[in-house]
Amino acid sequence: MSTYIADTAYVGSNTRVIDDAKIGGKASVYGKACVIGNAQVYGNAKVSGRAQVMGSAQVYGNAKVFGEAHVYGNTCVYGDAMVYGRAHVRGNASIGDNAKVNGEARVLDNAFVGGHAVVIDEAKVYDNAKVYEKAKIAYGSEVGGYAMISGTAIVSRFAKVIGYVQVTGDTRIYGNAILEGDVNLSSGRIRNVHWWRDIP
């Protein structure tokens, strides 16, 4: 096993970089952060606080992982994305562009969060779901399956969007609403309903 730290990178004195971890480019790892396993941090990326980057995870570009966030598995955090608070990103998930994942949020499996999207609080995005543009997932809500949330749509307050659902525009889904199947929405307010298929 051999750790690699580029001459141009910065690693703080209280930081753990172990196993086959690599810190390259002008990346910075400091505070009590850990980079472990085959994880890589490069470009201008920053990992700080008590954050952990593990497994084969990659953090690059201008991405930031801080607080007590965990990024592990085969995940990628890139662009100007930020993962912080006590958020977890794992599996094969990708967080890119200017996306933010924070609080107790979870992004798992093959999910993608990009654009200027935000996943916060105890929200969960999983399976093959995609959240992008300026969409927001918050307050214990779940987005899974092959669901796609985009535009300025908000899924909030314990709503669940799964299956092949597509939500765009300024749609708001909240309460205990459940959308699944092939539902497609581009506007409106959906609250406390179980909607499972598009009706022509």
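Details of the structure are given in the entry above.
So, a few notes on the structure that sits alongside this text. None of the values given here were measured: they were computed from a predicted structure.

Here the focus is the packing of aromatic side chains. Counting across every chain of the model gives five aromatic pairs. For the pair Y60 and Y78, a centre-to-centre distance of 5.6 Å together with 15° between the ring planes defines the contact as stacked. Placement of Y60 in the loop between β10 (58-59) and β11 (64-65) and of Y78 in the loop between β13 (76-77) and β14 (82-83) is noted, with a sequence separation of 18 residues between them. In this structure Y60 comes out as partly exposed when scored by relative accessible area, which is 24%. Here the aromatic residues Y42, Y60 and Y78 are joined through ring pairs into a cluster of three or more. Between the NZ or CZ atom of K124 and the centre of the ring of Y126, over which it lies, the distance is 5.0 Å. The ring of Y139 has R157 sitting right over it, with the charged end atom 4.6 Å from the ring centre.

Strand-to-strand pairing in sheets goes through backbone hydrogen bonds, with the strands running parallel or antiparallel. What the eleven strands build is an open sheet, ordered β3-β6-β9-β12-β15-β18-β21-β24-β27-β30-β33; its pairing is parallel. The sheet is open, and its two edges are formed by β3 (16-17) and β33 (194-195), each paired on a single side. For strand β27 (residues 160-161) and strand β30 (residues 178-179), the ladder comprises two bridges, and the chain directions are parallel. Of the residues in β30, the one forming a bridge with V161 is L179.

Take unusual backbone geometry next. Not every positive phi belongs to a glycine, and Y139 is a case in point at roughly 50°. Tracing the sequence through the fold places Y139 in the loop between β23 (136-137) and β24 (142-143). Although it is not a glycine, R157 adopts a positive phi angle of roughly 50°. Structurally, the position occupied by R157 is in the loop between β26 (154-155) and β27.

Judged by pairing direction, the sheet is parallel, and its eleven strands sit side by side in the order β1-β4-β7-β10-β13-β16-β19-β22-β25-β28-β31 without closing on themselves. Two strands bound the open sheet, and with one partner strand each, they are β1 (4-5) and β31 (184-185). Across two bridges, strand β7 (residues 40-41) lies against β10 in parallel orientation. Paired with V41 across the two strands is V59, which belongs to β10.

For the rest of this paragraph, the subject is the pattern of salt bridges. This structure, assessed with the given rule, holds three salt bridges. Between E68 and R86 there is a salt bridge, with its nearest N and O atoms 3.4 Å apart. With E68 in the loop between β11 and β12 (70-71) and R86 in the loop between β14 and β15 (88-89), this residue pair connects regions lying 18 residues apart in the sequence. Looking at E68, the relative accessible area reads 39%, which means it is partly exposed. Taking the relative accessible area as the measure of exposure, R86 reaches 48% and is therefore partly exposed. Residues joined in a network through salt bridges with shared partners are E68, R86, E104 and R106.

Enumeration according to the criterion identifies zero disulfides in this entry. Free cysteine: C34, not disulfide-bonded; nearest cysteine sulfur from C76 at 20 Å. For C76, a relative accessible area of 18% corresponds to the buried category.

Thresholds applied
Residues numbered from 1 in each chain as written. Predicted model: local features only at pLDDT ≥ 70, side-chain atom pairs only at ≥ 80, totals over all residues. Heavy atoms only, no water. Phe/Tyr/Trp six-rings, centres within 6.5 Å; stacked < 30°, edge-to-face > 60°. Helix = DSSP H or I, 4+ residues; strand = E, 2+ residues; numbered from the N terminus. Buried < 20%, exposed > 50% of the residue type's maximum accessible area, 1.4 Å probe, protein only. Lys NZ or Arg CZ within 6 Å of the ring centre and 35° of its normal. Pairing = 2+ DSSP bridges. Salt bridge = Lys/Arg side-chain N within 4 Å of Asp/Glu carboxyl O. Disulfide = S-S within 2.5 Å.

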